[in-house]
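One letter stands for each residue in the lines below.
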Amino acid sequence: MSLAKPAMRGLLAKRLRFHLPIAFGLSLVAAAAFKFAVTEPRKQAYADFYKHYDSTKEFNAMREAGVFESVRPTGK
Amino acid sequence: MLRLTAGRVAGLLSRRGVAAFSSSGVKMASHEHGGVTEQTDMSVPLYWDRLDTPLPDRPYKDTLSAADKSLKQKEKGPWNSLSKEEKLALYRIMFNETYAEMKKPTGEWKTVLGGIFFFIGFTGLVVLWQRYYVYPPHPHTLDDEWQAMQVKRMLDMRVNPVEGFSAKWDYEKGKWK
């Protein structure tokens, strides 16, 4: 019984040829998924928040609640 | 003195493969108990049942009976003339356990797992005792009242108003969204 001679060389190269494209592909997919699931919604959330943001109103509300040390609530 | 007590050898064999004992004439310093116990000579090749040593340094049976000796003589001739029982007898002369017998599952894992669970349970009891006898009283900042005051202050300060804490509070209605 004579068996075929097993592959003696190029084993790493063969493995890389198979696995590197997969690795690159999966990394790109991961990056794309993160972009569209996390960063884009976050940018939108910030845009929506600041579209109708009145900083003076917020400041006065915080002042009345008494969280500042530089200005006391009105009436003190 | 190069001797090992037979009891110790049995213990080692049952654990199958103590790597320290190579058979190339290792000398073991050993304590003698008045020379009564039988001891193994560590200066000659030894037999081990090991999964990673398919051919130990010597056959299992080194003192052959007359029947074994005649069988060994017959082995020198053509092997076709050996019957199945003779071939098995020859195998058992050379080896103690087959690979299948060596690899037989022992059920030791049940003991191990049981021991693990037992001691985890015991630790749970110790932790419980600790909770009642060791820990000091809670800090006052963990009371519900204080926590409520803390949450109110965080909302007043507008902590994380875009996506986080205060974003979930409806300031018009004074309720969580």
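Coordinates for the structure precede this section.
Residues numbered from 1 in each chain as written. Chains lettered and ligands numbered in written order. Predicted model: local features only at pLDDT ≥ 70, side-chain atom pairs only at ≥ 80, totals over all residues. Heavy atoms only, no water.

Colleague: So what about the overall build of chain B? Which residues, and what values?
Modeller: Per the secondary structure count, chain B includes six helices and four strands. Secondary structure elements in chain B, listed N-terminal to C-terminal, are β-α-β-α-α-α-α-α-β-β. The buried share of chain B, reckoned over its 177 residues, is 19%. In chain B, once contacts between residues fewer than 6 apart in sequence are set aside, the share between residues at least 24 apart is 46%. Summed over all atoms, the accessible surface of chain B reaches about 13,800 Å², with 62% contributed by carbon and sulfur. (Helix = DSSP H or I, 4+ residues; strand = E, 2+ residues; numbered from the N terminus. Buried < 20%, exposed > 50% of the residue type's maximum accessible area, 1.4 Å probe, protein only. Contact = heavy atoms within 4.5 Å. Areas by Shrake-Rupley, 256 points an atom, 1.4 Å probe, with all protein chains shown as cover.)

Colleague: For the layout of surface pockets, give the residues involved together with the corresponding values.
Modeller: Taken as a whole, the largest pocket spans an internal volume of roughly 480 Å³. Lining the largest pocket are 19 residues, and of these Phe49, Tyr53 and Glu58 of chain A together with Arg158 and Tyr171 of chain B lie nearest its centre. Those elements that provide at least two residues to the lining of the largest pocket are helix H1 (11-51) and helix H2 (55-65) of chain A together with strand E3 (169-170) of chain B. Counting residues per element, the lining of the largest pocket draws most heavily on H2 of chain A, which supplies four residues. Residue composition of the lining of the largest pocket, by class: 10 nonpolar, two polar and seven charged. (1 Å grid on protein atoms, 1.4 Å probe; cavity = no way out; pocket = protein on both sides within 12 Å on 5 of 7 lines; lining within 4 Å. Points joined across faces, edges and corners; volume = space filled by probe spheres on them. Nonpolar A, V, L, I, M, F, W, Y, C, P; charged D, E, K, R; others polar.)

Colleague: Tell me about the interface of chain A and chain B, and please be specific about residues and values.
Modeller: With 10 residues of chain A at the interface, the matching set in chain B holds seven residues. Both sides together, the interface formed by chain A and chain B hides about 810 Å², and carbon and sulfur atoms give 60% of it. Among the residues chain A hides against chain B, the three largest losses belong to Phe49, Met62 and Val67 of chain A. Together they make up 48% of the total. The shortest N-O distance in the salt bridge between Glu58 of chain A and Arg158 of chain B comes to 2.7 Å. (Buried area = accessible area lost by both parts, 1.4 Å probe. Salt bridge = Lys/Arg side-chain N within 4 Å of Asp/Glu carboxyl O.)

Colleague: Lay out the packing of aromatic side chains in plain terms, naming residues and giving numbers.
Modeller: With the rule as written, the count across this model stands at 10 aromatic pairs over all chains. Taking the ring centre of Tyr171 of chain B as reference, the NZ or CZ of Arg158 of chain B above it sits at 4.3 Å. (Phe/Tyr/Trp six-rings, centres within 6.5 Å; stacked < 30°, edge-to-face > 60°. Lys NZ or Arg CZ within 6 Å of the ring centre and 35° of its normal.)

Colleague: I'd love a proper account of the environment of Thr63 of chain B, names of residues and values included.
Modeller: Along the chain, Thr63 of chain B falls in the loop between strand E2 (39-41) and helix H2 (66-75). Separated by 30 residues in sequence, Thr63 of chain B and Ile93 of chain B place their C-alpha atoms 9.7 Å apart.

Colleague: Quick rundown of the packing of H2 of chain B against helix H3 (residues 84-94) of chain B? Include the residues and the values.
Modeller: Residue and element names in this part refer to chain B. With their axes 11 Å apart at the nearest point, H2 and H3 run at an angle of 110° to one another. When the axes of H2 and H3 are compared, the pair comes out roughly perpendicular. Classified by chirality, the crossing of H3 by H2 is left-handed. Along the contact surface, H2 presents Asp68, Leu71, Lys72, Lys74 and Glu75, while H3 presents Glu86, Ala89, Leu90, Ile93 and Met94. When its residues are assigned to classes, the contact of H2 with H3 shows five nonpolar, no polar and five charged. (Axes fitted to C-alpha atoms, helices over the stretch in contact; angles between N-to-C directions. Parallel < 35°, antiparallel > 145°, perpendicular 65-115°, else oblique. Left-handed = near helix turned anticlockwise from the far one by under 90°.)

Colleague: How would you summarise the side chain of Arg158 of chain B if you had to cite specific residues and measurements?
Modeller: Here Arg158 of chain B lies in the loop between helix H6 (144-156) and E3. In this structure Arg158 of chain B comes out as buried when scored by relative accessible area, which is 13%. A distance of 3.1 Å separates a polar atom in the side chain of Arg158 of chain B from the backbone oxygen of Asp156 of chain B. Filtering out sequence-adjacent residues up to four positions away, Arg158 of chain B remains in contact with Glu58, Ala61 and Met62 of chain A together with Ser166 and Tyr171 of chain B. (Polar contact = N/O pair within 3.5 Å; in protein donor to acceptor, adjacent residues only side chain to side chain.)

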